[in-house]
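Each chain is listed here by its residues.
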Amino acid sequence: MAGEEKKLKTAVFQEETRIFNPPKDLVENSNVMKWMKKKGFKTEKEMRAWCSSDEHYLEFWDEMAKTYVDWHKPYTKVMDDSEMPYFHWFTGGEINITYNAVDRHAKGKKKDKVAYIWIPEPTDQPTQKITYGDLYKEVNKFANGLKSLGLKKGDRVSIYMPMIPQLPIAMLACAKLGIIHSVVFSGFSSKGLMDRAADCGSRAIITVDGFYRRGKPVPLKQNADEAAAGAPAVEKIIVYKRAGVDVAMKEGRDVWWHDLVKGRSEECEPVWVDPEHRLYILYTSGTTGKPKGIEHATGGNAVGPAQTLHWVFDLKENDVWWCTADIGWVTGHSYIVYAPLILGMTGLMYEGAADYPDFGRWWKNIQDHKVTVLYTAPTAIRMFMKQGPQWPAKYDLSSLRLLGSVGEPINPEAWMWYREHIGRNELQIMDTWWQTETGTFLNSPLPITPLKPGSCTFPLPGYDISILDEDGKEVPLGQGGNIVSLKPYPSMLRAFWGDKERFMKEYWQFYWDVPGRRGVYLAGDKAQRDKDGYFFIQGRIDDVLSVAGHRIANAEVESALVAHPKIAEAAVIGKPDEVKGESIVAFVILRIGNDPSPELAKDAIAFVRKTLGPVAAPSEVHFVNDLPKTRSGKIMRRVVKAKSLGNPVGDISTLMNPEAVDHIPLIV
Ligand code: WT7
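Residues numbered from 1 in each chain as written. Predicted model: local features only at pLDDT ≥ 70, side-chain atom pairs only at ≥ 80, totals over all residues. Heavy atoms only, no water.

(A) Fine view of the overall build of the protein chain. For the protein chain, the helix and strand inventory stands at 20 helices and 28 strands. Rg of the C-alpha trace for the protein chain: 24 Å, near the compact-globule value of 26 Å for 668 residues, within the 12% margin. The buried share of the protein chain, taken over its 668 residues, is 62%. Taking the contacts inside the protein chain whose residues are at least 6 apart along the sequence as the reference set, 71% of them involve residues at least 24 apart. Roughly 25000 Å² of accessible area belongs to the protein chain as shown, and the carbon and sulfur atoms make up 51% of that amount. Between the centroid of the 84 positive side chains of the protein chain and the centroid of its 84 negative side chains there is a distance of 2 Å. (Helix = DSSP H or I, 4+ residues; strand = E, 2+ residues; numbered from the N terminus. Rg over C-alpha atoms; globule rule 2.2 N^0.38 Å. Buried < 20%, exposed > 50% of the residue type's maximum accessible area, 1.4 Å probe, protein only. Contact = heavy atoms within 4.5 Å. Areas by Shrake-Rupley, 256 points an atom, 1.4 Å probe, with all protein chains shown as cover. Lys, Arg positive; Asp, Glu negative; His and termini not counted. Charge placed at Lys NZ, Arg CZ, Asp CG, Glu CD.)

(B) Geometry of the nonpolar core. Among the nonpolar cores identified, the biggest contains 145 residues, and Trp-61, Leu-135, Phe-142, Leu-146, Ile-159, Ile-206 and Phe-313 are the most heavily contacted of them. The element that contributes the greatest number of residues to this core is helix H7 (residues 166–177), accounting for 9 residues. If sequence neighbours within four positions are ignored, Trp-61 has contacts with Val-78, Trp-89, Phe-90, Val-303, Gln-307, Pro-461, Gly-462, Tyr-463, Tyr-489 and Pro-490. Counting 32 residues, the second largest nonpolar core, distinct from the first, contains Leu-374, Leu-403, Tyr-418 and Ile-422. (Core = buried A, V, L, I, M, F, W, Y, C linked by side-chain atoms within 4.5 Å.)

(C) Region of interest: the sheet that holds strand S16 (residues 373–376). What the 7 strands build is an open sheet, ordered S4-S3-S15-S14-S16-S17-S18; its pairing is mixed. At either margin of the open sheet sits one strand with a lone partner, and together these are strand S4 (128–131) and strand S18 (429–431). The sheet shows a mean angle of 20 degrees between the axes of neighbouring strands, taken without regard to direction. Bridge analysis of strand S14 (residues 320–323) against strand S15 (residues 346–350) gives 2 bridges, and the strand direction is parallel. (Pairing = 2+ DSSP bridges. Axes fitted to C-alpha atoms, helices over the stretch in contact; angles between N-to-C directions.)

(D) Local environment of the site of the ligand. Looking at the ligand, there are 17 residues lining it, with Asp-431, Thr-432, Thr-436, Asp-525 and Arg-540 nearest. One nitrogen or oxygen atom from the side chain of Asp-431 is found 2.6 Å from a nitrogen atom belonging to the ligand. Between the ligand and Lys-634 there is a distance of 3.4 Å, counted from an oxygen atom to a side-chain nitrogen or oxygen. For the ligand, the protein covers 91% of the area, taking 560 Å² as the surface of the free molecule. At the level of secondary structure, the elements contributing two or more residues to the shell around the ligand comprise helix H12 (330–342) and strand S23 (535–540). (Near = heavy atom within 4 Å. Polar contact = N/O pair within 3.5 Å; in protein donor to acceptor, adjacent residues only side chain to side chain.)

(E) Geometry of the pairing of strand S19 (residues 465–468). Side-chain alternation along S19 places Ile-465 and Ile-467 on one buried face and Ser-466 and Leu-468 on a second face that is also buried. Relative to strand S20 (residues 480–485), S19 is paired through 4 bridges, and the arrangement is antiparallel. Counterpart to Leu-468 in the pairing with S20 is Asn-482.

(F) Summary view of the pairing of strand S5 (residues 156–159). The two faces of S5 match: Arg-156 and Ser-158 on one face and Val-157 and Ile-159 on the other face are all buried. Two elements, S5 and strand S6 (residues 180–183), share 4 bridges in a ladder whose sense is parallel. In the strand pairing of S6, Arg-156 is matched with Ile-180. This β-α-β element, S5 to H7 to S6, shows right-handed connectivity. Strand direction decides the pairing type here: S5 and strand S7 (residues 204–208), joined by 3 bridges, are parallel. Paired with Ile-159 across the bridge in S7 is Ile-206. (Right-handed = clockwise from strand over helix to strand, strands pointing away.)

(G) Representation of the packing of aromatic side chains in the model. Taken as a whole, this structure holds 44 aromatic pairs when the rule is applied. Through a chain of ring-to-ring contacts, three or more aromatic side chains come together here, namely Trp-35, Phe-41, Trp-50, Phe-60, Trp-61, Trp-311, Tyr-463 and Tyr-489. Residue placement shows Lys-452 over the ring face of Tyr-534; its charged tip is 4.6 Å from the ring centre. When the ring centre of Tyr-86 is taken as reference, the NZ or CZ atom of Lys-500 above it lies at 4.9 Å. (Phe/Tyr/Trp six-rings, centres within 6.5 Å; stacked < 30°, edge-to-face > 60°. Lys NZ or Arg CZ within 6 Å of the ring centre and 35° of its normal.)

(H) Here's a closer look at the pattern of salt bridges. Evaluation of the coordinates by the stated rule reveals 48 salt bridges. Salt-bridge contacts for Glu-437 lead to Lys-292; the nearest nitrogen and oxygen are separated by 4.0 Å. Taken together, the positions of Glu-437 in the loop between S18 and S19 and Lys-292 in the loop between strand S12 (278–283) and strand S13 (293–297) put the pair 145 residues apart, joining distant regions of the chain. Among the residues examined, Lys-292 registers a relative accessible area of 12% and is labelled buried. Linked through salt bridges whose partners overlap, the residues forming this network are Lys-152, Asp-155, Arg-203 and Glu-235. (Salt bridge = Lys/Arg side-chain N within 4 Å of Asp/Glu carboxyl O.)

(I) Geometry of the state of the cysteines. Following the criterion strictly, the structure yields 0 disulfides and no others. For the unlinked cysteine Cys-174, the closest cysteine sulfur is that of Cys-200, found at 11 Å. For Cys-174, a relative accessible area of 0% puts it in the buried group. Residue Cys-268 stays outside any disulfide, its sulfur separated by 11 Å from that of Cys-174, the closest cysteine. Residue classification places Cys-268 among the buried residues on the basis of a relative accessible area of 6%. (Disulfide = S-S within 2.5 Å.)

Dropping the structure here:
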């Protein structure tokens, strides 16, 4: 934590002056506007403030909980803070999230509506359309299979699967029985799976023989075997046959999915649970230390994701929603599985790589299935920027009506490219700021919000997000500090699996003893508001440079570099400097068709100097072919820094591309 530095002196380098107003018909027809009219709100500002206020936020959440969710037994209290920071929501109620996501649709008018359009990666395999009725049967058969293995409410099960429909089916089957699922991204190594399965004491692992990646079958089951060897509670491994890869099955432990569901009933009674019953444990992709098992509760995750999806992405009955994330991350949990299904929407799921068989694949998917709302990440947008606009230009993207972004601050350059080349220069971009810990978007535009490129705009209705200095005082507009949540909300994390102390320390301790600030959640990001109150996220607390007394976000310099017409990606680190504290060093990947040269390095430095000012100009620019990234696409600055300064790089087993570390030159 940036504890040493008492004074927060954040330079606002670039005021964003461009404003993109939402088109009138989007505003008028939006879900949120309908609600505002019903309630008699005149302005967005008034509405957001009312919903998040001390007086009304519980009333707001009460209404949302009743709007989006069917409760088996009504709750008697909306929120209980008597055990702060362990907040409880919807006390006294009973719920089953799979009942809400699947059963009620399958038994009603949406029985034949498509829940998932699933596109396999191999182009010679057919797209599958899975209706709510189909989903109901598949979930129930698999749940009955799990039951037959003796798995029951409260048990933990690790799910280690690629992007195939059986992944949400497995999650929903667990939730139907009150089994706590812990999805582990299929790109993690066996060690990653083992650590996670061992930490939460999983009784079973659900996996596949293998999956397709860039046209080739990749084996996966073997990783589960290796993981089970170090996760003593694992009694069963369930294997779905996806890629026809030969696997060894261990007698008595391993069971094929198709054998497990054979002859099972297509009906399965939901296990009604307390709203606080854990729905899932998800380990964060934190860049340092041991992964943290974030515990999420059932009730809150039935309400928050569905409500935010309905308001922010404005989903309507005929929309086709595509969230490109992997279900292995929270984005997929909330916005591929629970929220769209609770709303009874049609979602697209794509199995494979964005560049297979070429960089047109995503755009073809959108054209073929008339996707209306697209939600993706800045890292993907920058990748497409690097390849050039000719790829999306080949396809008809006219079905799109709204765009979204998540995962890291989106640099204004990428924002503009996204709007121009994917959004026909007219679509609004919902830049949603949130975390694994939060379960839902916290700050985000609504379809009615005037946008500024690079800004996640304002706290959503019901969320009370602020920026505090180190002493717990709200910072004035135009200055930066720690972004915090002042109030609890339904989908917030409940605990760390097995580590109360670290939970307290990471999120609550910082402001605990500041008068009036007990229970304030420290998100771990730096942010600032401009003169109009728009929030700009500047990156993680530990990703902020201190150069000659100025606080400069690495992300800000990287954003400036990426705006250079020849630069595709950049990582910026602080190199210890006797005079300035730190000097700025940049590692950049060039856009295709450009060659490294000392002139280009100088030009890049001059470019940042011009955009951000001399204090933020790198003193060195190094050209690299690749940068080490996490599986979710975040550049691992910590690793870049360690390698370039000649320090030990530490554990790099969770990197997407460990070989990239070798490309980083030593600079001392
Ligand atoms: C961290 C959380 C939320 C799902 C994916 C990542 C950064 C996320 C934004 C955004 C700026 C963002 C923050 C946050 N982040 N979205 N729209 N603008 N920064 O989940 O792995 O838990 O990472 O991602 O630094 O704290 P995660």
